[in-house]
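# A structural walkthrough
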Amino acid sequence: MATGVNKVILIGNLGRDPEVQNFENGVKKATFTMATTEAYKGKDGEKTTHTEWHNIVMWRGLADVAERFLKKGNTVYIEGRIRKREYEDKEGQKKYMYEILGDSMQMLGGPRRDENNGGPQSSETPKDDVPIENTPEDDLPF
């Protein structure tokens, strides 16, 4: 029986392009930052957002996929585990860093762009009176 569970699930956007290291034994390591944002109403009733930044580390095949396909702004789903790492800074002080070791990843898309001017799309939801096209079941391509 397991003595504990260390599982993280994140959906967010890359803060920078992945940085990839290639080791002599052929193993790859990719690192990047990822932002997750939540929105809620504060005590004053105003909408508030909070963004949390995560350090992501991927190894081997996932590092290769990250290097080839991920770019700053992409939306990704990552499952992994938290790891605490310690190191010494330039002054010899002990520092701690938390990382997410990615075990699996799914690419959800690039940054959203407005079709007209290349800027971000609005976050408005479609109006109820917009017609939705229904496709007959026998016309499905699979």
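From a predicted model like this one, the values you see are computed outputs, not experimental measurements. (Residues numbered from 1 in each chain as written. Predicted model: local features only at pLDDT ≥ 70, side-chain atom pairs only at ≥ 80, totals over all residues. Heavy atoms only, no water.)

### Digging into the packing of aromatic side chains
Under the counting rule described, the total for this entry stands at 1 aromatic pair. Measuring from centroid to centroid gives 6.0 Å for Phe-23 and Trp-59, while their planes differ by 20°, and the two rings are stacked. Residue Phe-23 is located in the loop between β2 (19-22) and β3 (28-41), and its partner Trp-59 is located in strand β4 (residues 47-59); the two are separated by 36 residues in the primary sequence. On the basis of relative accessibility, which here comes to 35%, the residue Phe-23 falls in the partly exposed class. Trp-59 gets classed as partly exposed once you look at its relative accessible area, which sits at 33%. It is Lys-84 that lies over the ring of Tyr-96; its NZ or CZ is 4.3 Å from the centre. (Phe/Tyr/Trp six-rings, centres within 6.5 Å; stacked < 30°, edge-to-face > 60°. Helix = DSSP H or I, 4+ residues; strand = E, 2+ residues; numbered from the N terminus. Buried < 20%, exposed > 50% of the residue type's maximum accessible area, 1.4 Å probe, protein only. Lys NZ or Arg CZ within 6 Å of the ring centre and 35° of its normal.)

### Points about the pairing of strand β6 (residues 94-109)
Here 2 bridges tie β4 to β6, and the two strands are oriented parallel to one another. Residue pairing across strands places Ile-56 opposite Ile-100, the latter belonging to β6. In sequence, strand β5 (residues 75-88) turns back onto β6 through a hairpin of 5 residues, with Gly-92 there showing a positive phi of about 85°. (Pairing = 2+ DSSP bridges.)

### Structural notes on the environment of Gly-15
Position of Gly-15 among the secondary structure elements: in the loop between β1 (8-14) and β2. Separated by 40 residues in sequence, Gly-15 and Asn-55 have C-alpha atoms that sit 9.7 Å apart.

### Looking at the pattern of salt bridges
Going through the model one piece at a time under the given rule, you end up with 9 salt bridges. Linking Glu-79 and Lys-7 is a salt bridge whose minimum nitrogen-to-oxygen distance equals 2.8 Å. With a gap of 72 residues between them, Glu-79 in strand β5 and Lys-7 in the segment before β1 connect regions that are remote in the sequence. Arg-81 is the salt-bridge partner of Asp-103, the closest N and O atoms lying 3.7 Å from each other. (Salt bridge = Lys/Arg side-chain N within 4 Å of Asp/Glu carboxyl O.)

### Quick word on the nonpolar core
Counting residues in each nonpolar core, the largest one holds 16 residues, and the members touching the most others are Phe-32, Ile-56, Met-58, Leu-70 and Ile-78. Of all the secondary structure elements, the ones that give two or more residues to this core are β1, β3, β4, α1 (60-69), β5 and β6. When neighbours within four sequence positions are excluded, Met-58 is seen to be in contact with Lys-28, Lys-29, Ala-30, Phe-32, Ala-63, Ala-66, Ile-78, Gly-102 and Met-105. (Core = buried A, V, L, I, M, F, W, Y, C linked by side-chain atoms within 4.5 Å. Contact = heavy atoms within 4.5 Å.)

### Quick look at the side chain of His-54
Counting through the fold element by element, His-54 comes out in strand β4. Residues within four places of His-54 in sequence aside, it is in contact with Leu-10, Phe-32, Thr-33, Met-34, Thr-36 and Ile-100.

### Let's talk about a nonpolar patch on the surface
A grouping of Ile-82, Tyr-96 and Tyr-98 is seen on the molecular surface, where their side chains present a nonpolar patch of about 330 Å² in accessible area. By the element assignment, Ile-82 lies in strand β5. (Patch = residues over 30% accessible without salt bridge, like charges linked within 9 Å, V, L, I, M, F, W, Y side chains within 5 Å. Areas by Shrake-Rupley, 256 points an atom, 1.4 Å probe, with all protein chains shown as cover.)

### So, the confidence of the model for the chain
Per-residue confidence for the chain gives a mean pLDDT of 81, with 76% of residues at or over 70. Scored below 50 in pLDDT, residues 114-142 makes 12 contacts in the model with residues more than four places away or belonging to other chains. (pLDDT = per-residue confidence, 0-100.)

### Let's talk about α1
Among all positions of α1, only Leu-62, Ala-63 and Ala-66 are buried. For α1, the angular spread of the buried residues around the axis is 100°, confining them to a single face. Summarising the geometry of α1, the exposed residues directed more than 90 degrees from the buried face are Arg-60 and Arg-68. In this structure, the buried side of α1 is in contact with β3, β4 and β6. (Arc of directions from axis to C-beta.)

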